[in-house]
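What follows is the residue order along each chain.
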Amino acid sequence: MDQRRLNMSRIQGRDTEPEMIIRRGLHARGLRYRLHDRSLSGTPDLVFPSARTVVFVHGCFWHGHDCALGVQPRSNAAFWQAKIARNQQRDGQAIDALISSGWRVATVWECALRGRGRLPPDSVLEVLIHFIGSERRLQSVEITNNIELRGAKSAPVR
């Protein structure tokens, strides 16, 4: 087995460090959730059925986030560009399908919890708790080094 394939086999899709920070923090604050519900589009990392809210915890590299952690490899660049573009397309379709089905979607990017511009974990958790318990007009939230709420007449929060 070549070295690249061996290294790729070690990549986790679940229970990553950022996901565990979110899971432990929300659980410690009394929120209960389901994990990796395969019946929902995109298999969200956390599902809050009573609030009709899901949470994705995305790695910046794998999901093509435009930040310091989402660096494109120089070797085999065409392969990686195509792979990451497919991931982004799939993510967008999953989020659109969830919102169309009446679900609200929170996306926590790895850079919110790791790297130079990271936020304090308590800040990230407070935004998630607020979003989960908020009005239905807010359809989605993305948490990176800054926080962006989307919905009817909602403005970015800094």
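Residues numbered from 1 in each chain as written. Predicted model: local features only at pLDDT ≥ 70, side-chain atom pairs only at ≥ 80, totals over all residues. Heavy atoms only, no water.

Draft legend 1. How the structure looks around the overall build of the protein. When helices and strands are counted, the protein shows four helices and six strands. The linear arrangement of helices and strands in the protein, starting from the amino end, is α-α-β-β-β-α-β-α-β-β. Counting across all 158 residues of the protein, residues that qualify as buried make up 39%. Counting contacts in the protein only where the partners sit at least 6 residues apart, residues at least 24 apart contribute 52% of the total. Split by element, the accessible area of the protein, about 9400 Å² in all, is 49% carbon and sulfur. (Helix = DSSP H or I, 4+ residues; strand = E, 2+ residues; numbered from the N terminus. Buried < 20%, exposed > 50% of the residue type's maximum accessible area, 1.4 Å probe, protein only. Contact = heavy atoms within 4.5 Å. Areas by Shrake-Rupley, 256 points an atom, 1.4 Å probe, with all protein chains shown as cover.)

Draft legend 2. The arrangement of the pairing of strand 5 (residues 138-143) in detail. In this sheet, strand 5 lies alongside strand 4 (residues 104-109) in parallel orientation, the contact comprising four bridges. By the bridge assignment, Val-105 is partnered in strand 5 with Ser-140. (Pairing = 2+ DSSP bridges.)

Draft legend 3. Just the environment of Ile-84, in detail. For Ile-84, the location among the structural elements is in helix 3 (residues 77-100). Remark: the alpha-carbon pair of Ile-84 and His-65, spanning 19 residues in sequence, is separated by 9.5 Å. Beyond its immediate sequence surroundings of up to four residues, Ile-84 is in contact with Phe-61, Trp-62, His-63, Gly-64 and Gln-72.

Draft legend 4. Expanded view of the packing of aromatic side chains. The tally for this structure, following the rule as stated, stands at five aromatic pairs. A centroid spacing of 5.8 Å and a plane angle of 65 degrees characterise the contact between Tyr-33 and Phe-48, whose relative ring orientation is edge-to-face. One end of the pair, Tyr-33, is in the loop between helix 2 (17-28) and strand 1 (34-35); the other, Phe-48, is in strand 2 (residues 46-48), with 15 residues separating them in the sequence. Phe-48 sits in the buried class, given a relative accessible area of 4%. Look at Phe-79 and Trp-80: their rings are 5.0 Å apart centre to centre, the planes differ by 80 degrees, and that puts the pair in the edge-to-face class. Note on Phe-79: relative accessible area 39%, which makes it partly exposed. Overall, Trp-80 belongs to the buried group, its relative accessible area being 9%. Members of the aromatic cluster, joined through ring pairs, are Phe-61, Trp-62, Phe-79 and Trp-80. A cation over a ring is seen here: Arg-104 above Phe-131, with NZ or CZ 4.5 Å from the ring centre. (Phe/Tyr/Trp six-rings, centres within 6.5 Å; stacked < 30°, edge-to-face > 60°. Lys NZ or Arg CZ within 6 Å of the ring centre and 35° of its normal.)

Draft legend 5. Up close: the pattern of salt bridges. One pass over the structure, following the stated rule, counts four salt bridges. Where Arg-23 meets Glu-19, a salt bridge forms, and the shortest distance between an N and an O atom there is 3.0 Å. Residue Arg-23 and its partner Glu-19 are both found in helix 2; the two are separated by four residues, about one turn of the helix. By relative accessible area, Arg-23 is classed as buried at 12%. Salt bridges linked by common partners bring Arg-29, Asp-122 and Glu-126 together as one network. (Salt bridge = Lys/Arg side-chain N within 4 Å of Asp/Glu carboxyl O.)

Draft legend 6. Highlighting helix 2. In this model helix 2 runs 16 Å from its N-terminal to its C-terminal C-alpha over twelve residues, within 8% of the 16 Å that 1.5 Å per residue would give. For helix 2, the complete set of buried residues consists of Pro-18, Glu-19, Met-20, Ile-22, Arg-23, Gly-25 and Leu-26. The first or second residue beyond helix 2 is Gly-30, which carries a positive phi of 90 degrees. (Expected span 1.5 Å × (residues − 1).)

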